[in-house]
Each structure stands twice: as structure tokens, then as C-alpha cells.
Amino acid sequence: NPVIYLKDYLPPAFLADKVELTFDLYPNQTRVKSAIYFTRNEKRESGLPLELHGADLKLISLSLDGQSVSDDRYVLSDDQLVITEVPDRFLFEAEVEIDPANNTSLEGLYRSNTMFCTQCEAEGFRKITYYPDRPDVMSSFTTTVIADKTEYPVLLSNGNPVDKGELDNNRHFVTWQDPFHKPAYLFALVAGDLKLVKDSFTTMSGREVALEIWVEPENLSKCDHAMLSLKNAMKWDEEVYGREYDLDIYMIVAVNDFNMGAMENKGLNIFNSSCVLARADTATDMAFQRIEGVVAHEYFHNWSGNRVTCRDWFQLSLKEGFTVYRDQCFSADMNDAAVKRIEDVSMLRTAQFAEDAGPTAHPVRPDHFIEISNFYTLTIYEKGSEVVRMIANLLGPDLFRKGSDLYFERHDGQAVTVEDFVAAMSEVSGIDFEQFMRWYSQAGTPQLDVSDHYDAETKQYHLTIRQMTPVTKDQQDKLPLHIPVKTGLLNTDGQDIPLILVQGEASGQQGDTDRVLHLREAEQTFIFDQIPDAPVPSLLRGFSAPVKLSFPYSQQQLLHLMRHDSDGFNRWDAGQRLAVDALQTMVSEFESGRVPELDSGLVEAWRNLLGSDLSPAILAEMLSLPEEAYLGEQYDVIPVDGIHACRRIARKTLAQALESELRTCLETHQLSGPYKPDADDIGKRRLNNTCLSYLMTLETAEITERVWQQFNQADNMTDQQAALTMLVHSGQDEKAREALEQFEQQWQQDALVMDMWFQVQARRPQPDALARVKALMSHPGFSLKNPNKVRSLVGAYCGQNRVNFHGLDGHSYRFLADVVLELDQMNPQIASRLITPLTRWQKFDAKRQQMMQTELQRIAQAELSNDLYEVISKALP
Ligand code: B3K
Ligand code: ZN
């Protein structure tokens, strides 16, 4: 399994000026003809052979400039075709045969239900034909698709349709031409019996763009939200980034079998159906918001990724981090910005921080890999976005826009690096990013330890910040980073104090109430002048850097911040800190065999929340206790059972103490009118279901009945699914069984709704969960070949049902290893993701560690894909 290094990068020996492809589609024997016009690259030495990638291809014919190539001039291996003695310019032609119906990796050309579709990023194009399958080879593509007219009336590829016609034997063809030069990873093809939802968008320069969403006939009623999201995204990118769409047509196709959320192929996005299809009665608020975000993300890639692409795959975060940043800002603008920030940070702090602390930790720009598919990670995407956010915050909105304009204009049509992006930002602002670049090369989550000191004589306030990045698997030495720490100081009335900094570097003006402190040293002290009384510091406002920050807050100080902080994010975070403290105290009691009790301070804080005038959406966030996964992150050795038990006890204690407040809250936020997935209504539904699920812990017949009513009468999936979860996760087995049966009856025809049905059961806290998951794997609606199903059942059980997955009999570890071994034969990408929970053994006690390692070792004995091999070899002790 060869390791590929960034330091070994060399430009391609040949460039492709023009590519012409013809697909003759048959499920088992598709023929692909290619004609590629190659020119030798002046950046490389002369005389180099032509090296093309290729995998799982059957070569039928080969010619150069019309002459067939004799056997002694080329070498064919498992993954390459090398031709020696080629001229400086020539026409390469080949014909290959491929077998889409047996392609279960969902990479290259494959079948989903009855249609043909493709997924080429990162290195899937080589499963379609021989090609320099690397992002720095950009070319224009003309693609002719031929197929049976009855089975595949719709034939799509990138760009604009330029020709079509009838052929013999009930076959027909369509030719597509994409005038924009693109790397092969952005190639796409779809053929099927699809139906169209059509709309249009007029760009800022007045061009009319046809918008098309193609779906299977039964899904026609589920496309409105995706279409609206697309139009909003197009408008937003014009307004906020000055970026206009470039082709005359923009297509989205929904497919059921897809490894990721969606793919930004030029002019022809292919989506996992879960990220396009939504109707009030079938999709939750969360699904509506995810669709909005993913549709926008793929659209934004048209500039950040397609027009300006990556030189090599080490630069992946150049397009992904930036595009996630763009989609996060878009969603913040379309919805409640503070809630969006809370959601994004919660995810980062649980899942990405865990990745950064585990055996697969890697920098935002990795410097080596075995299989690039393993690097579509939370670090590349979410931490990458945080890095761009820090740059944006350092520049401010106007300069950041100037920098992005410069980046897009200067590099349009090019394949570039992270340095090119940062250079544009530096050039327009004059800011020196030399130290900042360590964010791209250094893995691990920095830890900031902050202490303070108030001098009543001088009226000065000292903040001392120490930074430390823990060692990670491949990096022993860590250097100090340039960390923006947005800070405010609250006086005893809860007001922000004007900040006059007399020691230390910061952005903003003297007297501002928010200053961004620039931490650059391992330890640094910032001194504020003219502070009348000892303040309460509000640190890392808006989560200004992806770090862990600790400060010895007292409960009083946290309550003060919860009530008064002008920064919405930090108000929420103060509540979370309070809850973490209270829960950790309970866990210690639990571990030492005492009966844990919830701190009454937290009960009173939650009572105050319920009596406050916070918006429903924020209130719902603030009332939610930290998730088990986040609590686990606070420990070196995760007390799985203690966390689970104490969180349950805490929830019940809160419900008992605050029953009447919760009931009042529920009555005051009832919704009326038809379902709308807008921020206000989403906030209200979230709040109601939060209150209801607290009350459900009381297990009274009256509340159960109320939840049952909601389950039966809801006109939307958010409320129905929330009620289903409450019923299934409560101890009332009879009710749970009844609800599940009824839900299955109602929705068995709808695969996406059934995903939720599987997931709710996979997450059930009762001890029979594993047995049930195993039984559900034989359910007719389940298939190991469909990634959505695997994620909903196996992924949800192993990743989100901690108390059962880490059961001391070790059965779940064995179960996951068995599933992964089977799956690796079909779909290595999904197998290597699914294994994640087993790779995190370092965080558990000796007995669990031992059992987890045994399973990893058992997997290591088998013949593995590159994908799984890389992850397993990093995870083994
Ligand atoms: N760029 C794709 C990801 C492709 C994954 C390949 N294994 C989706 C996205 O980030 O928009
Ligand atoms: Zn992306």
C-alpha cells in the first residue's frame, strides 16, 4: 500500500487540451470510447512516457494519431497504462469495457436502482476510462451518451446539450459539451427514467439560467425546498461574493445510493436523495436545513472548487474548508445566525475534536496519505472552515471580499494551492500570515489555559493565556499558533466594559467592547486599563478559534455570563459549562458508588431560562444538556455508563423541579397554520419537543398520551419523528412497539422516512438494542449495499448509542468488525468510515481497550481495501 507524499508533487508530464467521450450504456457491458488531445507539458523534462490511470477496465483498443499501438510500446498494470515514445502532441484514442451493474463501490460509473450515475471525486474517473486522473489536468469535455430509449429516456452530462438523435435498436443519444476546462473529478453522467422539476434564475447580468431537478417519478412532490434553496444560494453568492453562475443550465439529480451527501460536478450536481428530497410530512426540520445547506454548498463550489480548483488532493481543504465556510454563512443569513453557530460548533467540538485526538488525526492540509477517500473528514471540512473563518475575521468583511475577488480573478481556470488563497488574503490586507500557516500543517486541537488577575490599585486587569497543542500520531513537536481570541469584559451589572489594551496585540479600536486578542506566544499576558471593578471575562466570543479553552469560572460567574453576555454564543456556552460541571460532579459520585444528585444551582439556572424572554430557538439550545459524546470528550478515560446514567438522572431531576414551567413553556409556543420550515417555526417546534421530552422522563400516563396524540396527529415529520423517538426511547415497551408498527405501516414505501425508523431503533438506550439492530439487518427495507441504510442502522448504533455499543460483553465490537469486513468487499469507502468508533479505543478503560484492539487485530488479518487498511494500520496499538 504505497504512501503518497505532498513533497513529491510534480506537475503532469502531459496536458489534455480536449476530451471526447462516447458511452454506449449497458448494465454489464458498457463501452467507453475516448479521444484525448494531449500536449507535452513544458514544465516537465522531455521524453517522459504517457502515464494514464485506470482501474477495473477491460482494454478493447488503443491508438495514437490513428495508428494502433504495438504491444511492446505500452505496459498495462492494475492501476496504470504507460505508453513510451510518444510525440509532443498527439491524439490518444481508446475503447474500454466496464461493468456498472457490479460496481458496488459507488465510485466511477454505477447503477442506483434502475439508473446509471457517476461519482468521480476524488479518483473515480479512472474506473471509467484511462486518463491522467489528477486535478491539475483540466480539459474541455464533449460527451455522447447512448442508451435504450425506453429504459433511459433521460441522458445527462456536464455543460450544454448540443446534439441528440435516434439510433437503431430502440436506442438514442444525446451529446453534451462543457466549455469550461475542468479536472476529471468533476465529470458526471446520468441516464434513467427521470422526471423534471423546472425553474429559472436570472443572474445579476441578466442571463437566464434553466434550473432543473431530476428525480424518480414518485419524488416529484419533494423538490420545492431544494429548488428554493438553489435560487437563494445563487442570489446570495452574487450579493455576498459577487459570483455569477456561468452555464445556461444547472441540473441536480437525486440518487438513492450515494457515498456522501452530494457532488458538485460542473453543471450536473448528483445528490444523495436525502439531501434533496423533502416534504413537510416526510422530512424533519433538520433535513430541510441540511438540504438548504448542501444545495448551497454544491452550488458555491462552482467558484470555490470548479472555476478555481485544487492542484493536488493535499489541497482538498482549499475548496472544502472555504466552501463549508461559505455555506455556513449562507445558512446563518437564511436562518437564526446564533443557533447556526451553536450547531456548527457543537459538531466541531464533539466530532472533529475527537478526530483530532484520535489515531487518524491529520492537519487541515495533510502531507501524506494512502487513500485520499479517507481524508474527506471533519478536519478537512469543518476545521478547514474554521481556519477560513479566522482569516475572514482577521481581515473583516470588506477586505475578505477583496481578497476573495482577487483569489477568484487571479486563479480562474487554474488548479492552485492553499498558499495561493492565503497570498490573496495577505496581499489585500497587508497581514502577515506566516505563523498563521501552521493552522494548515499542524494537527491536534490547541488547548488554551487562561488565568486572570485584577489589581484594584492600578485598576488594571491581566489576562494570561497559555497555549499548548498536544502531540498527535505523526507529529511530536508542536509550535505556538497565531490564535485570535475575541474577548469582552462584563462589569457587575452585566454590561460590556470599553476595552483599553495597554499590553498585547489586538484588532479593533481602543474603547471597543469586543477586542480580538492576538495570541502568538506559548504564554502571553494582555493588560486592560481603566477597569473599575473585577470583571467577568467573556472569552473566545463567537468561538473565534477552534480550540479548547479553560478558565477557572465560578458558578456565579457562569450564571452572570448566561444572563448578560452580549455575545449569544458565549451566553449559551456559559450554560453548557455550568451543565458540564454539574454532570461531571454527578459522574464522580456515580463512580464512587454514591447516588448522584444534580446541583440545585443548575436547576435554578434552567428555571431562569424558562422565565426569560429568549427566542424559542435559543431557549431550546440553552435548555439542552450537553450530549453524551461531548461529555465524553471532557475525559481522558470516558466513563460511558456514568455519563449515560447521570445525564438521564439530571434530565429527570430538571423535569420534576420545573414541571410547571415546562408545561407553561409548551402552552405558550404552540404553532398554528400550515408547516413552514422557517427559523421561527423551527425554533418553536424545537422548543416544544425539548420541553415535551423533559416531561416524558416523568413517565406519567398523561404525558405519554399527549406524545401519542402528537405522534398520530402531527402534520409534519419533525413532530411525528420527535414523538416516535420519545415513545421508543422511553421504558414503555408496549407503546414503543405499537408506535414503530404504525410508523412502518404508514411509511414503508418511503426509503428516506424508513431511514429514520431504523435510526430511532438503533439509538434506543434499552439493553436489547444490539439484538434488535441485528434483527433489523434482515428487514426487507435494509440493505448493506445502500450507504444511507448502513449509516441509519449500523452507523447510528455504533456511533450514537454509546452505552450499548460499549457494553462490557464486547458483543457490539465484534458485531461492528463483522459488518465492516463484509462491507469492505463491496464498498471500501463506507467500510473505512464505519469503523471509526472502534479506532477510538485510547479513550476507554483497559477492559474495553483490550476488546476493541482484539477486533481491530482480527480485521487486520483479512485482505483489506486500501481505504480500510490505512485506517486500521493507524488505529492498531
Ligand atoms: N466534493 C464532494 C465530496 C466527494 C467525496 C469523494 N469521496 C462533496 C462536497 O464536499 O461537496
Ligand atoms: Zn464540498
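What you are looking at is a predicted structure, and each value in this text was computed from that prediction instead of being measured. (Residues numbered from 1 in each chain as written. Chains lettered and ligands numbered in written order. Predicted model: local features only at pLDDT ≥ 70, side-chain atom pairs only at ≥ 80, totals over all residues.)

## Describing the sheet that holds strand β33 (residues 548-550)
Now for step 1: Spatially, β28-β31-β26-β25-β33 is the arrangement adopted by the five strands of the open sheet, whose pairing is mixed. In this open sheet, the two strands that pair with only one neighbour each are β28 (500-503) and β33. This sheet shows a mean twist of 30 degrees between the axes of neighbouring strands, independent of strand direction. (Pairing = 2+ DSSP bridges. Helix = DSSP H or I, 4+ residues; strand = E, 2+ residues; numbered from the N terminus. Axes fitted to C-alpha atoms, helices over the stretch in contact; angles between N-to-C directions.)

## Description of the UniProt feature "domain: Peptidase M1 alanyl aminopeptidase C-terminal" (unreviewed entry) in the protein
Now for step 1: Per the UniProt record, the feature "domain: Peptidase M1 alanyl aminopeptidase C-terminal" (unreviewed entry) sits at residues 556-876.
Now for step 2: The distance separating the terminal C-alpha atoms of residues 556-876 is 45 Å; by composition the span is 73% helix and 0% strand. (UniProt positions renumbered as here; feature names shortened; annotations may be inferred.)

## Quick notes on unusual backbone geometry
Now for step 1: For the peptide bond that leads from glutamate 121 to alanine 122, omega is -5 degrees, which places it in the cis range.
Now for step 2: Within the secondary structure layout, alanine 122 lies in the loop between β11 (115-119) and β12 (139-148).
Now for step 3: Phi at asparagine 113 takes a positive value of approximately 50 degrees, unusual for a residue other than glycine.
Now for step 4: Position of asparagine 113 among the secondary structure elements: in the loop between β10 (108-112) and β11.
Now for step 5: Assessed through the 12 C-beta atoms surrounding it within 10 Å, asparagine 113 is described here as exposed.
Now for step 6: At lysine 459, a position not held by glycine, the phi torsion is positive, near 60 degrees.
Now for step 7: For lysine 459, a count of 13 C-beta atoms within 10 Å gives the class partly exposed. (Buried ≥ 20, exposed ≤ 12 C-beta atoms within 10 Å, placed from the backbone.)

## Side note on the domain arrangement of the protein
Now for step 1: Domain assignment breaks the protein into domain 1 (4-193), domain 2 (309-441), domain 3 (447-545) and domain 4 (751-877).
Now for step 2: Taking only C-alpha atoms, the centre of domain 2 and the centre of domain 3 are 24 Å apart.
Now for step 3: Opposite the eleven residues of domain 2 that make contact, domain 3 presents twelve residues.
Now for step 4: The dominant element in the side of domain 2 that touches domain 3, judged by the number of residues it contributes, is helix α5 (residues 378-395), at three residues.
Now for step 5: Taken together, the residues of the side of domain 2 that touches domain 3 break down into seven nonpolar, two polar and two charged. (Domains from an automatic or database assignment. Contact = placed C-beta atoms within 7 Å. Nonpolar A, V, L, I, M, F, W, Y, C, P; charged D, E, K, R; others polar.)

## Focus: the pairing of strand β18 (residues 208-215)
Now for step 1: Bridge count between strand β17 (residues 195-202) and β18: eight bridges; the pairing is antiparallel. Bridged to threonine 202 within β18 is glutamate 208.
Now for step 2: Where β17 hands over to β18, the hairpin turn is made up of five residues, of which glycine 206 adopts a positive phi near 90 degrees.
Now for step 3: Summarising the sheet, β18 and strand β19 (residues 249-255) pair through five bridges and their orientation is parallel. Bridge assignment links glutamate 212 to a residue of β19, and that residue is methionine 251.
Now for step 4: Handedness of the crossover joining β18 and β19 through helix α1 (residues 224-241): left-handed. (Right-handed = clockwise from strand over helix to strand, strands pointing away.)

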